[in-house]
Amino acid sequence: ATSPDVISPDAIRTLFSTAMSEMYRTEVPAYQTLMELVSEVNEAVLAADPAERRRLESAGGLDRITEERHGAIRLGTANELSTMRRLFAVMGMQPVGYYDLSEAGVPVHSTAFRPVTDEALGRNPFRVFTSLLRLDLIADAALRREAEQVLAARSIFTPGCLALIGKAEAEGGLDEGDAGHFVAEALETFRWHSRANVPLDLYHRLHDAHRLIADVVSFKGPHINHLTPRTLDIDAVQRLMPEKGISPKAVVEGPPTRRCPILLRQTSFKALSEPVDFRDGDVDGAGGGWRSGVHTARFGEIEQRGIALTPKGRALYDTLLQDSRRLVAPAADGSNAAQYMAALQEVFAPFPDSWDDIRRQGLGYFAYSLTEAGRGTPPAPGTDLETLVESGLVRFDPVVYEDFLPVSAAGIFQSNLGDDSQQDFTASPNQQRFEADLGAPVLNPFDLYAEVERASIAGCGAAR
Ligand code: OOG
Ligand code: NI
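Residues numbered from 1 in each chain as written. Chains lettered and ligands numbered in written order. Predicted model: local features only at pLDDT ≥ 70, side-chain atom pairs only at ≥ 80, totals over all residues.

A. Region of the structure containing the packing of helix 13 (residues 311-327) against helix 14 (residues 337-347). Two numbers describe how helix 13 lies on helix 14: the axes approach to 9 Å, and their chain directions differ by 140°. Comparing their axes, helix 14 and helix 13 come out oblique. By crossing handedness, the relation of helix 13 to helix 14 is classed as right-handed. Judged by residue contacts, L320, D323, S324 and L327 of helix 13 engage A343, L344 and V347 from helix 14. Per-class residue counts for the contact of helix 13 with helix 14 are 5 nonpolar, 1 polar and 1 charged. (Axes fitted to C-alpha atoms, helices over the stretch in contact; angles between N-to-C directions. Helix = DSSP H or I, 4+ residues; strand = E, 2+ residues; numbered from the N terminus. Parallel < 35°, antiparallel > 145°, perpendicular 65-115°, else oblique. Left-handed = near helix turned anticlockwise from the far one by under 90°. Contact = placed C-beta atoms within 7 Å. Nonpolar A, V, L, I, M, F, W, Y, C, P; charged D, E, K, R; others polar.)

See the structure below:
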């Protein structure tokens, strides 16, 4: 039974995302600089485009833009992943989508924990891209066993956090006091640790197998590796970053610049090299002392979100992206960045660039609502949707893409792992294994967008 004092999971999510942002700001000062730049650019965009400001205001999207951010973590074991699922559930975040990154040379597979209803997204869209390390892709069996032992011995959640997750499950939520404690305890899992869990020698061997393995295995917990604010003009932020002393990666991932933004565009700046103390002795700490070294893990990223595409739209996007990359493969050192961006722009020309064309061709999801005229003269239930749109009684707004893109994510990983870490793994998506480790199926993002569209049409009293 749900206790009467439980507060909304959305409120806990907001407490948590605020606390994470504060923590990251003090840990990574460049994040603060980036946040300031993004809010300047967003203000400028809205000042220059009053129509867009009004549209965002009326669609209820303006408030959330300054709040908006996502983060990312990388986990080591099935138990960590399934417990993380329970932790995020306390904050109303569900696993959505399956991303296989082995294909792109990164030995992980991932999901995004996020709110799933329109209402919850409107309150606070905070999400966490969560990857699980795939030790099965590591060739060296002895090293794999060593890594497994280190991971098996760590516990990334505080006892207090585990107790409160259990309490939330048993009582259908947390009251205000418990929610505050829960957020403080959960934050510990995401904190940076400047003392490694392993001796320097093992760190080097893990690092040689893949930098990502060292990042996951060597530490006490899955430090949050970036927090990403949302911008309304990613090209402007990319251009202005160097002026603020931040050097961005060479190319913006995702679709090209367009009038009608689709899916997700992302760029990041390089990870910081941070001092770390490694154990001097063996894994058990025998030997006593510490040796200093460095580790590169944490970075900054920005994103611009566009319309969620239908399976048909997404297939077109995937084809065009592949075509552009066949024409010009973006070099890790950025030497052909301009050619790549030009090729992208050119190859994407066939993708319609007006909301109405995107809608008519069934490429994107839209939310329908009654216009002022429509509210004045409510249409008879079951009136044909197109008729209502044509007669100006119903309007449509693009549904925002709330998820991630595997090729882009791989580009973000790569740019932060360093150019030396390009490695070939056999592509081996294994959603079944991922879901078994997660302890639940992942939700299908297309179903969620289709439901938003369907509900909006029903809300207008229209039929399709
Ligand atoms: C995650 C990289 C992917 C995104 O926004 O696509 C990502 C990671 O580096 O752990 O953050
Ligand atoms: Ni990210």
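B. Spotlight on the sheet that holds strand 3 (residues 108-114). Read across the open sheet, the 5 strands follow the order 2-3-4-1-6; overall the sheet is mixed. Both outer strands of the open sheet, strand 2 (94-100) and strand 6 (226-229), are each paired with one neighbouring strand and no more. Ignoring which end each strand starts from, the neighbouring axes of this sheet average 20° apart. Of the pairings in the sheet, the one linking strand 1 (residues 69-75) to strand 6 comprises 4 bridges and is antiparallel in character. The partner of R69 across the bridge, within strand 6, is P229. Lying on the sheet, helix 19 (residues 431-438) is in contact with strand 2, strand 3 and strand 4 (127-133); it crosses strand 2 at an angle near 145°. (Pairing = 2+ DSSP bridges.)

C. Focus on the domain arrangement of the protein chain. For the protein chain, the assigned domains read domain 1 (9-307 + 406-429), domain 2 (309-353) and domain 3 (365-398 + 431-464). One C-alpha centre belongs to domain 2, the other to domain 3, and the line joining them spans 29 Å. (Domains from an automatic or database assignment.)

D. Spatial organisation of the packing of helix 1 (residues 9-27) against helix 9 (residues 176-190). Running from amino to carboxyl end, helix 1 crosses helix 9 at an angle of 40°, the nearest separation of the two axes being 10 Å. Taken together, the axis directions place helix 1 and helix 9 in an arrangement best described as oblique. The handedness of the crossing between helix 1 and helix 9 comes out as right-handed. Residues I12, L15, F16, A19, M20 and M23 of helix 1 pack against A179, F182, V183, A186, L187 and F190 of helix 9. Along the lines of polarity and charge, the residues of the contact of helix 1 with helix 9 split into 12 nonpolar, no polar and no charged.

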